[in-house]
Amino acid sequence: MEILVLILQVAVLLGAIFIGIRLGGMAIGYAGGFGVVVLCLLLGMKPGAIPWDVILIIMSVIAAIAAMQLAGGLDYMVQVAEKILRKNPKYINYLAPTVTYFLTFLAGTGHTAFSMIPVIVEVAKEQNVKPSAPLSIAVVSSQIAITASPVSAAVVYMTGVLEPFGWSYPTLLLVWLITTFSACMLTAFVVSKFFPLDLSKDPVYQERLKAGLVKPTNGAAHIELRKGAKLSVGIFLAGVLCVVVYATSISDVVRQPMLNFVSKNIPVYVDKELDLITRDANNLLAITDVEQLKAEKQNLAAPLEMVKKVYIDSIPAIKANPNEIQKLQSAFTTAKVEIESIAKNEQNKKAIELIESRLDSLSKNLVSILPDFAKKDGVLADLSVMVKSYIDPVRLPRDGAIMSFMLMIATLIVIFCKVETGKLLDASTFKAGMTACVCVLGVAWLGNTFVDGYKEEIGNLAGKLVGDYPALLAVALFFASMLLYSQAATAKAIMPVVIAALGINATNADSAYILVASFAAVSALFVLPTYPTLLGAVQMDDTGSTRIGKFVFNHSFILPGIIAVAFAVALGFIVAPMFA
């Protein structure tokens, strides 16, 4: 019976994805949600976690990109990219993926590649090169670049997972940038050397040419840029830089040394220590009556407030002569007596004992605390306190920072570039991004529901196989991303299971490099010919060289994609251990 249920659950998982693919577009997400209904209500599974953080990061990044597009910023970036391609047309197979890679790297979404597709087709035709060659590498590069972009949801999630295992944010960015970009360039080399590139020898092209379906090349197109186009790009890039700087600053590799440095400049402030004692004592009071609790808090706080007032009044004298501590010591002694005079009971006993212990410790250390305070108190100490307040604890986590920074960028672009907000909904990047959010919601939720239902079984199998053959994790991520339609959603569904299966933790992080090396394999969104940029490339290539075959998988992107992912993972297993 259990085997039958499992078969039905797998059938629903794959069936929902297949239906979504056949329907296309946003319907992929719709079908994912339909699959969740069947798995939960008819086949007894518990709903998995909805990847809200992934969806919200995609939404916020797309919001900023859409504002930049409406301000003319994307047109400007395309114009710059087109100049690069047309200046060196012979290297179209290398420059096309380079341009789409770094557009995605900066923007955090592969949908920016859309704007480059017509340019790539034009330049390729001018060079008698099959557009399918540069287009296939360019589209694949725009997907792989997600795994290196500092503002992508996938990278934000993975850095959060890996940091407790000793991998810092800047180190991970460096490893993934080196391995993924190198992989794209190696793929471009393989395609240039071993794939048939002569457009004139393509029979499909010749047929379309005779039928008048191939447009003549027009040369460089002149785009009339909006007044705020360059400014919008500047604002966006400055915002991305701020994200990288902030995310790096809260990474342990930077945060801990910074915390150690500023802590050395901060003296012990007696008044703040007294406030902490009061707060901690109040938390230990076991009193339910509101009025009684209020009275007890005042009763305990009064002696401490007296000491605090004496300390604040004595600060000028302490700075003049830090060894003169008799007045403050006397205040501490008085406070101890007052605390000891409070009647103890089961409700306040722990609070009183804490105050007595902490007051005693603080008063004994005054002889060292006050000279240190007199020496350090000043502007540097104030600045150090301010810096420490931001990083200990971290006020804004990395995912929250990216979302808020992106919305801030969008606000600045709208204000300073005079963007008509009513037209934002019509921006092509906004439509594509919101479609991606629905797809992630449905398909990733469906995948998480299935994976969570068999977490133990998958974990045991993964632990055995990945432990013996580490590269198999990349194979699993490859096939999972093919179905889950999102790099971030795939990582979120698979990585926790693998981490638990391999027993990776802060004290046993030797195998964490496997996760780092295999991460690029979540980029297999090109396998099923449904991704918007892939379909866009097929539709915009009027030569017919970029095409989808009769058997679905035999399309122009499959081989370059597999080669690129294989190179990225192989390089990952070479480079990642160097930083472990």
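Since we're looking at a predicted model, the values are computed, not measured. (Residues numbered from 1 in each chain as written. Predicted model: local features only at pLDDT ≥ 70, side-chain atom pairs only at ≥ 80, totals over all residues. Heavy atoms only, no water.)

Student: Any chance you could break down the overall build of the protein for me, citing the residues and the numbers?
Tutor: In terms of regular secondary structure, the protein is built from 26 helices and zero strands. Its C-alpha atoms give the protein principal-axis dimensions of roughly 105 × 65 × 50 Å. For the protein, the proportion of its 580 residues judged to be buried stands at 51%. A fraction of 83% describes how many contacts in the protein between residues 6 or more apart in sequence connect residues 24 or more apart. When the accessible area of the protein is evaluated, it comes to approximately 26,700 Å², of which 65% is carbon and sulfur surface. Computed over 45 positive and 42 negative side-chain charges, the separation of the two mean positions in the protein equals 9 Å. (Helix = DSSP H or I, 4+ residues; strand = E, 2+ residues; numbered from the N terminus. Buried < 20%, exposed > 50% of the residue type's maximum accessible area, 1.4 Å probe, protein only. Contact = heavy atoms within 4.5 Å. Areas by Shrake-Rupley, 256 points an atom, 1.4 Å probe, with all protein chains shown as cover. Lys, Arg positive; Asp, Glu negative; His and termini not counted. Charge placed at Lys NZ, Arg CZ, Asp CG, Glu CD.)

Student: Tell me what's going on with the pattern of salt bridges, and back it up with residues and numbers.
Tutor: Counted under the stated rule, the structure contains 20 salt bridges. Here Lys125 and Asp542 are joined by a salt bridge, their closest N and O atoms 3.1 Å apart. Taken together, the positions of Lys125 in helix α6 (residues 117-126) and Asp542 in the loop between α25 (532-540) and α26 (558-579) put the pair 417 residues apart, joining distant regions of the chain. The same class applies to Lys125 as to Asp542, namely buried. With a closest N to O distance of 3.3 Å, Asp372 and Lys376 form a salt bridge. In this pair, Asp372 and Lys376 are both assigned in helix α17 (residues 366-376), four residues apart and thus about one turn of the helix distant. One salt-bridge network, in which partners are shared between bridges, spans Glu82, Arg86, Glu122 and Glu126. (Salt bridge = Lys/Arg side-chain N within 4 Å of Asp/Glu carboxyl O.)

Student: Explain helix α1 (residues 2-23) to me, and be specific about the residues and the numbers.
Tutor: Under the 1.5 Å per step criterion, the end-to-end length of α1 is 31 Å for 22 residues, consistent within 8% with the ideal 32 Å. Next to the buried residues of α1 lie α2 (27-42), α20 (428-453) and α22 (472-484). After α1 finishes, the residue Gly24 shows a positive phi value of roughly 80 degrees. (Expected span 1.5 Å × (residues − 1).)

Student: Explain the packing of aromatic side chains to me, and be specific about the residues and the numbers.
Tutor: In total, this model carries 12 aromatic pairs according to the counting rule given. Taken together, a centroid distance of 5.4 Å and an interplanar angle of 45 degrees make the contact between Phe450 and Tyr454 tilted. The exposure class of Phe450 is buried, given its relative accessible area of 13%. Members of the aromatic cluster, joined through ring pairs, are Tyr101, Phe102, Phe105 and Phe181. (Phe/Tyr/Trp six-rings, centres within 6.5 Å; stacked < 30°, edge-to-face > 60°.)

Student: Hey, could you go over the domain arrangement of the protein for me, with residue numbers and the actual values?
Tutor: For the protein, the assigned domains are domain 1 (1-47), domain 2 (53-217 + 228-257 + 399-578) and domain 3 (270-376). Here domain 2 and domain 3 have C-alpha centroids that lie 57 Å from each other. (Domains from an automatic or database assignment.)

Student: Please give an account of unusual backbone geometry that cites residues and values.
Tutor: Put simply, Asp392 and Pro393 share a cis peptide bond, and its omega is -5 degrees. Relative to the assigned elements, Pro393 resides in the loop between α18 (379-391) and α19 (398-416). One non-glycine residue, Asn128, lies in positive phi territory at about 55 degrees. Assignment of secondary structure puts Asn128 in the loop between α6 and α7 (132-144). With a relative accessible area of 33%, Asn128 lands in the partly exposed category.

Student: An account of α18 is requested, with residue identities and associated values reported.
Tutor: For α18, with 13 residues, the first-to-last C-alpha span of 19 Å sits near the 18 Å given by 1.5 Å per residue. Every buried residue of α18 is accounted for by Ala381, Ser384 and Ile391. The buried side chains of α18 occupy one side of the element, clustering within an arc of 95 degrees when seen end-on. Where the residues of α18 are buried, they touch α12 (252-264) and α17. (Arc of directions from axis to C-beta.)

Student: Explain the nonpolar core to me, and be specific about the residues and the numbers.
Tutor: With 129 residues, the main nonpolar core has Trp176 and Met406 as its most contacted residues. In terms of residue count, helix α3 (residues 52-70) provides more of this core than any other element does, 12 residues in total. Apart from the residues lying within four places of it in its own chain, the contact partners of Met406 are Ser60, Val61, Ala64, Val151, Phe236, Val240 and Val243. Ile277, Leu300, Tyr311 and Leu354 belong to the second largest nonpolar core, which has 31 residues in total. (Core = buried A, V, L, I, M, F, W, Y, C linked by side-chain atoms within 4.5 Å.)

Student: Can you break down the confidence of the model for the protein residue by residue, with the values?
Tutor: Put simply, the protein has an average pLDDT of 89, and 99% of its residues get 70 or more. Averaged pLDDT values for the elements of the protein fall to 80 in helix α21 (residues 455-468) and rise to 96 in α26. (pLDDT = per-residue confidence, 0-100.)

Student: Help me get a handle on the environment of Val385, residues and values and all.
Tutor: Its location among the elements puts Val385 in helix α18. Accessibility expressed as a relative area gives 26% for Val385, which makes it partly exposed. Spatially, the C-alpha atoms of Val385 and Ile266 are 6.6 Å apart, while their sequence positions differ by 119 residues. With residues near it in sequence (within four places) discarded, Val385 still touches Ile266, Tyr269 and Lys272.

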